[in-house]
Amino acid sequence: QSGLMFVTFTNKDRLDFALTWAARLCRLGLPHFAVGALDATTLSRGRALGVPMFAMGEHDLGDADYGWNTPRFKLMGQDKVQLLLDILEANATAVLMDADAVLVSDPR
């Protein structure tokens with residue numbers, strides 16, 4: 001299981017959740033993780049803080065927040081499904097989590 005990777009995603013309004021998530025993984029000795037940025041601001045801020053970030057999705061969701069069941073929220077859902085498909089197609093072993101989910105122990 002040394003190839004296990006943890007992946008989450010966030011926008012600028014919830015970047016603090018992803019930072020907490022990443023810090024917790026580091027404290028647990030789980031350094032193999034990445035955070036998908038749903039907007040350019042998040043990508044820039046996360047990288048400046050040293051978080052392994054990648055631009056996520058093919059939809060430009062912009063910097064505005066989006067509430068549950070809005071058109072932007074639904075596009076984000078499509079991007080999350082595509083992320084999961086990309087992980088599976090790469091034959092990678094990953095745990096895909098919401099950024100507001102926090103691990104209390106190593107799940108392996």
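Residues numbered from 1 in each chain as written. Predicted model: local features only at pLDDT ≥ 70, side-chain atom pairs only at ≥ 80, totals over all residues. Heavy atoms only, no water.

Here the structure, examined in full by the defined rule, presents two salt bridges. One salt bridge connects Lys12 with Asp13, and the closest N-O pair in it is separated by 3.0 Å. Looking at Lys12, the relative accessible area reads 26%, which means it is partly exposed. When its relative accessible area of 35% is taken as the criterion, Asp13 is described as partly exposed. Note that Asp106 is salt-bridged to Arg108, the shortest N-O span being 2.7 Å. (Salt bridge = Lys/Arg side-chain N within 4 Å of Asp/Glu carboxyl O. Buried < 20%, exposed > 50% of the residue type's maximum accessible area, 1.4 Å probe, protein only.)

Further remarks concern a nonpolar patch on the surface. A surface patch of nonpolar side chains, amounting to about 410 Å² of accessible area, comprises Val81, Leu84, Leu85, Leu88 and Leu96. For the nonpolar patch, the element with the highest residue contribution is helix H3 (residues 71-89), accounting for four residues. Position of Leu88 among the secondary structure elements: in helix H3. (Patch = residues over 30% accessible without salt bridge, like charges linked within 9 Å, V, L, I, M, F, W, Y side chains within 5 Å. Areas by Shrake-Rupley, 256 points an atom, 1.4 Å probe, with all protein chains shown as cover. Helix = DSSP H or I, 4+ residues; strand = E, 2+ residues; numbered from the N terminus.)

Think of a pair of aromatic rings as described by two things: how far the centres are apart, and how the planes are tilted against each other in angle. Overall, the coordinates contain two aromatic pairs when judged by the stated rule. Judged by centre distance (5.8 Å) and plane angle (85 degrees), the rings of Trp21 and Phe33 are edge-to-face. Within this pair, whereas Trp21 is found in helix H1 (residues 15-27), its partner Phe33 is found in strand S2 (residues 33-37), the two being separated by twelve residues in sequence. Among the residues examined, Trp21 registers a relative accessible area of 1% and is labelled buried. With 6.4 Å between their ring centres and 50 degrees between their planes, Trp68 and Phe73 make a pair best called tilted. (Phe/Tyr/Trp six-rings, centres within 6.5 Å; stacked < 30°, edge-to-face > 60°.)

With that settled, consider the pairing of S2. Counting buried positions along S2 yields five of five residues, so the element is predominantly enclosed. Here S2 shows two buried faces, one formed by Phe33, Val35 and Ala37 and the other by Ala34 and Gly36. Pairing of strand S1 (residues 5-10) with S2, which is carried by five bridges, proceeds in the parallel orientation. Across the sheet, residue Val7 finds its bridge partner in S2, namely Ala34. (Pairing = 2+ DSSP bridges.)

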